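Residue strings, one per chain:
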Amino acid sequence: GALVEPVDLLDVRIDGRAVQACWVIVANAAHYAGSFVVAPGMDIAHKGLQAIVFKARTRATLTRQVISLALGRLAERSARQGDVETLPCMRVTIASARPVPAQLDGDLFGTTPLDIAAATDALQLIVPAERGKLA
């Protein structure tokens, strides 16, 4: 059936380290789409990125990995199964034998090959003071 079919493999380089994956999330913040947590401990003030590397070989395994992600149990799965790895990094390149669609913040963004790098300059933000306190 469709769930036992092999997945497309991506050739990923994370700060120069070669890794094969079927799916990669590169994040600079903990949350995606509101309260959905993809990279616990990350925030936009943190320098660098996190690459979440899914190493499934079949669609069934990838489905279980995505369910673990949705349930907030990806770290448990990683420790137990070892088929998902989270790596701090500054640069990720992703290539594939054929173009694979990519998303940026949930919107279609083109296809592989991709070159993703962390910003090196600080971004200064102006935020409102807490209610009842002066800035």
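Note: the structure precedes this text.
Rules and cut-offs
- Residues numbered from 1 in each chain as written.
- Predicted model: local features only at pLDDT ≥ 70, side-chain atom pairs only at ≥ 80, totals over all residues.
- Heavy atoms only, no water.
- Pairing = 2+ DSSP bridges.
- Helix = DSSP H or I, 4+ residues; strand = E, 2+ residues; numbered from the N terminus.
- Axes fitted to C-alpha atoms, helices over the stretch in contact; angles between N-to-C directions.
- Salt bridge = Lys/Arg side-chain N within 4 Å of Asp/Glu carboxyl O.

A.B. asks: Whenever I open this one, the sheet that holds strand β11 (residues 114-117) confuses me. Can you help?
C.D. replies: Strands belonging to one sheet form pairs held by backbone hydrogen bonds; the direction of such a pair is parallel or antiparallel. Strand order in the open sheet formed by four strands is β2-β1-β8-β11, with antiparallel pairing between adjacent strands. Where the open sheet ends on each side, the last strands, each with one partner, are β2 (17-21) and β11. When strand polarity is set aside, the average angle formed by the axes of neighbouring strands in this sheet is 20°. For strand β8 (residues 91-96) and β11, the ladder comprises four bridges, and the chain directions are antiparallel. Bridge assignment links Arg 91 to a residue of β11, and that residue is Ala 117.

A.B. asks: Quick question: what am I supposed to make of the pattern of salt bridges here?
C.D. replies: Oppositely charged side chains can pair when the atoms bearing their charge come close. Per the counting criterion, the structure on display carries four salt bridges. Of the charged contacts in the structure, one is a salt bridge between Arg 17 and Glu 85, with a shortest N-O distance of 3.3 Å. On the criterion of sequence distance, the pair formed by Arg 17 in strand β2 and Glu 85 in strand β7 (residues 84-89) is long-range, its members being 68 residues apart. Between Asp 115 and Arg 91 there is a salt bridge, and its shortest N-O distance comes to 2.6 Å. With Asp 115 in strand β11 and Arg 91 in strand β8, this residue pair connects regions lying 24 residues apart in the sequence.

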